[in-house]
Amino acid sequence: MTPRTPRLSRLRRVVPEGNGGKGGRPAEARGGRARRRGTQPKVVALGGGMGLSASLAALRRITGDLTAVVTVADDGGSSGRLRDELGVLPPGDLRKALAALCGDDDWGQTWARVIQHRFQSQGDLHEHAVGNLLIVALWEQLGDHVQALDLVGRLLGAQGRVLPMSAVPLELQALVKGHDPARPEEVDTVRGQATVALTPGEVQSVHLVPNDPPAVPEAVEAVLDADWVVLGPGSWFSSVIPHLLVPELLDALSQTKARRVLSLNLAPQPGETDGFSPQRHLEVLGRHAPKLALDVVLADEAAVPDRDLLTDAAKRFGAAVELAPVARPDGTPRHDPELLAAAYDRIFRMHGRIGPWR
């Protein structure tokens with residue numbers, strides 16, 4: 001194993017323009033200094049859950065022009081209950097993305113803890129997250145998903161913008177071989193993101209209901225206007241691939257002049273991708289979006305047993321492979337924000353900068 005590189009110490013944390021004076025605290029009060037417009041890359045990160053949160057926590061260290069586009073197919077926990085009761089988008093992954101964009105100062109970390117806080121009770125509030133309730137309340141007050149999320153972001157001093165990938169709640173369905181252990185060779189249709197994520201069987205493919213859902217226009221615009229688009233890491237079938245099943249988003253990914261980075265997971269996910277090699281992740285991605293092109297595939301150097309096989313799989317997307325130490329040094333399969341930031345920064349610098357921030 002290659003020795004780990006030193007932690008990143010020189011990356012500047014910045015605050016996106018416009019938060020100060022629009023309901024959030026001024027940039028200098030949040031511990032950051034706004035950069036001059038046009039001097040940093042416009043980055044869009046697509047995903048959901050903890051994988052997207054890890055990517056955002058890294059990316060906010062190297063750019064203040066950052067947009068998260070988040071899956072909206074969650075149907076478990078607090079999000080699922082709110083979705084069933086009120087008919088709203090599941091707010092949980094959106095909340096996690098906002099928390100990841102909070103700064104490292106007292107203001108940011110206090111708000112990150114508040115919106116992630118879950119009530120513990122014997123009543124209906126049990127396990128509801130504060131941030132979920134706040135987001136849904138603003139959706140009902142304002143009647144606009146994007147405006148409400150922007151307002152929450154300004155309240156938190158979030159160092160970036162959070163958008164849902166679609167304005168309609170989506171159901172994830174999967175074809176799973178051996179979902180019932182008693183029938184290991186049979187293929188069943190499994191419904192719901194929470195069920196798909198925990199299936200003991202082998203996921204063959206996924207699709208969304210309704211089919212061909214509309215994308216949020218601001219999300220499409222962000223992808224088309226980006227310098228870099230980052231896809232992953234995250235739950236492969238339930239957080240990463242769903243973006244490619246929204247036709248307008250897939251079209252934007254094909255048409256954008258941005259360069260595209262696929263960030264691989266550190267380890268297979270029990271149930272959803274159990275036993276998957278790094279190259280198998282690419283193979284199933286290609287089956288769901290055969291025309292998708294990529295520029296770079298990023299993987300942790302310790303998680304790739306055969307670089308040649310991964311290189312061959314990446315070539316089918318037109319991509320180069322970059323290996324870097326991005327895992328936390330404690331041995332857990334979690335990304336280290338500073339090491340991941342260093343890897344992204346190196347990729348952005350070495351693979352051709354696009355735009356006025358060159």
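Structure shown above.
Remember, predicted model here, so these are calculated numbers, not experimental data.

Novice: What is the right way to look at helix α13 (residues 337-350) in this model?
Specialist: Each α-helix winds once per 3.6 residues, and so residues spaced three or four apart point in a common direction. A rise of 1.5 Å per residue sets the reference length of α13, with its 14 residues, at 20 Å; its end C-alpha atoms lie 20 Å apart and thus fit the reference within 8%. The complete set of buried residues in α13 reads L339, L340, A341, A343, Y344, D345, I347 and F348. Taken together, the buried residues of α13 touch β1 (42-47), α1 (49-59), β7 (228-231), β8 (259-263), β9 (296-300) and β10 (320-324).

Novice: What is the right way to read the pairing of strand β4 (residues 171-177) from this model?
Specialist: Consecutive side chains of a regular strand alternate in pointing toward one face of the sheet and then the other. Pairing of β4 with strand β6 (residues 202-209) involves seven bridges; the strand directions are antiparallel. Following the sheet pairing, E171 is matched in β6 by V209. Relative to strand β5 (residues 187-191), β4 runs antiparallel, the two sharing five bridges. Bridging across to β5, L175 finds its partner in T189.

Novice: What exactly am I supposed to notice about the sheet that holds β6 here?
Specialist: Two modes of strand pairing occur in sheets, parallel and antiparallel, and in both the strands are linked by backbone hydrogen bonds. Strands sit in the order β5-β4-β6 across an open sheet of three strands; the sheet is antiparallel. Every other strand in the sheet has two partners, leaving β5 and β6 as the edge strands with one partner each. Strand-to-strand twist of the sheet, defined as the mean angle between neighbouring strand axes without regard to direction, takes the value 25 degrees.

Novice: I would appreciate a short explanation of the environment of D336 in the present structure.
Specialist: Structurally, D336 can be placed in the loop between β10 and α13. Taking the relative accessible area as the measure of exposure, D336 reaches 3% and is therefore buried. In this structure the C-alpha to C-alpha distance between D336 and V326, which are 10 residues apart in sequence, comes to 5.8 Å. Of note is the side chain of D336, whose polar atom sits 3.0 Å from the backbone nitrogen of E338.

Novice: What should I look at first to understand helix α12 (residues 307-315) in this one?
Specialist: Where α12 is concerned, the buried positions are L310, A313 and A314. Down the axis of α12, the buried set is contained in an arc of 100 degrees. They therefore lie on one face. Exposed and facing more than 90 degrees away from the buried side of α12 are D308 and K315. For α12, the secondary structure elements touched by its buried residues are α11 (278-288), β9 and β10.

Novice: Can you walk me through the sheet that holds β9 in this structure?
Specialist: The strand order β3-β2-β1-β7-β8-β9-β10 describes an open sheet built from seven strands, whose pairing is parallel. Sheet topology places β3 (161-164) and β10 at the edges, where each strand pairs with a single neighbour. Strand-to-strand twist in this sheet, taken as the mean axis angle between neighbours without regard to direction, amounts to 20 degrees. Sheet topology places β8 next to β9; three bridges connect them, and they run parallel. Opposite S263, over in β9, you have L298 as the bridge partner. Against the sheet, helix α3 (residues 92-100) makes contact with β2 (65-70) and β3, and its axis sits at roughly 165 degrees relative to β3, the strand it touches most. Its contacts with the sheet put α13 on β1, β7, β8, β9 and β10, and the angle it makes with β9 is roughly 155 degrees.

About the thresholds
- Residues numbered from 1 in each chain as written.
- Predicted model: local features only at pLDDT ≥ 70, side-chain atom pairs only at ≥ 80, totals over all residues.
- Heavy atoms only, no water.
- Helix = DSSP H or I, 4+ residues; strand = E, 2+ residues; numbered from the N terminus.
- Expected span 1.5 Å × (residues − 1).
- Buried < 20%, exposed > 50% of the residue type's maximum accessible area, 1.4 Å probe, protein only.
- Contact = heavy atoms within 4.5 Å.
- Pairing = 2+ DSSP bridges.
- Axes fitted to C-alpha atoms, helices over the stretch in contact; angles between N-to-C directions.
- Polar contact = N/O pair within 3.5 Å; in protein donor to acceptor, adjacent residues only side chain to side chain.
- Arc of directions from axis to C-beta.

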